[in-house]
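Structural overview
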Amino acid sequence: DTIKATGMARLAEKGEFTKRAFLNSKIDLAQAEATGELIASTSLSGIAMARNMMEGVLSKKLDEMNNALSQLLTDIEASFIADDSEIPESSVLSCMNALLKNIDAYLDGAEAAPSMYSGIHTVIAGLPNAGKSSLFNALLGYSRAIVHEEAGTTRDVVKEHICIDGLDFILCDTAGIKITSNGPEQIGIEKTIEALKQADLILYVVDATKGISKDEHKWLSLGKRTILVANKTDLNDGDIPQIHGIEVVKTSAKHKQGIDRLFQSMIKPFPSETPQVFIERHIYLLKKTKAAIESGIRAIKENMTLDVVAMDIKDALLLVREILGKDINEDIMESIFSKFCIGK
């Protein structure tokens, strides 16, 4: 306050130092956004993705795409003016197919990337006394949740963070699902169902001695992906019926059996390589870029004139430039930096 009272200083605005670096062309907008994502990251995966983008890994590739689109647009427009500058449609098509292949590579793993950045929201669910809390403790490697032979001891969502082969999971132990219940137990079950709907991964636990009933099938599809965990196989290693699209892993949480296999099944659906694109704005704009290039390719194949193709190429170029922050709308820029901490 004393320094501020001199009139020679003021409080820094949100993201001001990163914004200055962007405005002075020290970094591009994608790198600036990555700075904010690195500060906000709470997972090893998130840190790795943000650092790669900060170092310009994606920016370099987008710069190359920007240059390729600019050159292609220039060549097409030149062909409208001078007869000796005619450009073969096959050459345009080849260039656009190469760009499309590059975009697909950039978007590889993008669907799972936002979850990987923040930690994969993993919900352990099932009927009461299926061994959910025992499995939760076995995955953590220590006792965190209450385990008791009496059903219904978990009435709230218990969360912990684990890392498997560099991939972060937010484990949530939930109340057992019952069709009929009331009071505090009913509130816990409602929280379980809400958690299932938000889950990136569901570990649905069934008692191997009892199997899974048809009434339980409706819970399996609430999240993005599900693994069926047949627990208590030390008591009964019976067959669990296969459900289309859902992997079954047998475990005995009590004796720590099958846990390593379950770990491998948990990481299998997610990219083994660090995704290049993970910020929602970038994913959205790259998908629009892809759509514009695909539109241009269709136009060529449908024997439309190159002036029509040029419009699609121009659209794609503007979208790539928007990711990099070239000719960026002032409102969009302010919105991006308003999410930063003060200063930074």
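Our subject is the structure listed above.
To keep things clear, this report deals only with the structure shown in the data block. Every chain is numbered independently, its residues counted from 1 as its sequence is written. Only residues with pLDDT of at least 70 get local features here, since the model is predicted, and only at 80 or more are side-chain atom pairs given and counted; chain-wide, interface and lining totals rely on the full set of residues. Heavy atoms from the whole structure form the basis of all side-chain values; hydrogens and water molecules are not counted.

Looking now at the layout of surface pockets. Only protein atoms enter the calculation, which uses a 1 Å grid: trapped sets of points that fit a 1.4 Å probe without letting it out are cavities, open sets showing protein on both sides within 12 Å along at least five of seven lines are pockets, and any residue with an atom within 4 Å of a point is a lining residue. Grid points are joined across faces, edges and corners, and a volume is the space filled by probe spheres set on the points. Taken as a whole, the second largest pocket spans an internal volume of roughly 320 Å³. Taken together, 14 residues line the second largest pocket, and the ones lying closest to its centre are E33, E37, I336, K339 and F340. At the level of elements, α3 (29–40) and α14 (330–337) are the ones that each hand at least two residues to the lining of the second largest pocket. At five residues, α3 tops the list of elements feeding residues into the lining of the second largest pocket. Gly falls in the polar group here, along with every residue not listed as nonpolar (Ala, Val, Leu, Ile, Met, Phe, Trp, Tyr, Cys, Pro) or charged (Asp, Glu, Lys, Arg). Along the lines of polarity and charge, the residues of the lining of the second largest pocket split into seven nonpolar, two polar and five charged. Think of it this way: any DSSP run of H or I at least four residues long counts as a helix, any run of E at least two long counts as a strand, and we number them from the N terminus.

When you tally the buried positions in strand β4 (residues 201–207), you get seven out of seven residues, the bulk of the element. Strands are treated as partners if at least two bridges between them are detected by DSSP. Note: strand β1 (residues 120–126) against β4, five bridges, orientation parallel. Residue pairing in the sheet places A125 in a bridge with Y204 of β4. The sheet contact formed by β4 and strand β5 (residues 226–231) spans six bridges and is parallel. Across the sheet, residue Y204 finds its bridge partner in β5, namely L228. Between buried and exposed lies partly exposed: a residue is buried under 20% and exposed over 50% of the maximum accessible area for its type, with that area taken using a 1.4 Å probe on protein chains only.

What follows deals with the packing of aromatic side chains. Pairing of aromatic rings covers Phe, Tyr and Trp, the last counted by its six-membered ring, and requires centre-to-centre distances within 6.5 Å; plane angles under 30 degrees mean stacked, over 60 mean edge-to-face, and any other angle means tilted. For the structure on display, the rule yields three aromatic pairs. Between F22 and F337, the ring centres sit 6.3 Å apart and the planes meet at 35 degrees, which makes this aromatic pair tilted. With F22 in helix α2 (residues 16–23) and F337 in helix α14, the pair connects residues that are 315 residues apart, well separated along the chain. With respect to class, F22 is no different from F337; both count as buried. Centre to centre, the rings of F169 and F270 are 6.3 Å apart; their planes meet at 85 degrees, and the pair counts as edge-to-face. Placement of the pair is F169 in strand β3 (residues 167–173) and F270 in the loop between α11 (259–267) and α12 (280–301), with a sequence separation of 101 residues. Comparing F169 with F270, the two get one shared label, buried.

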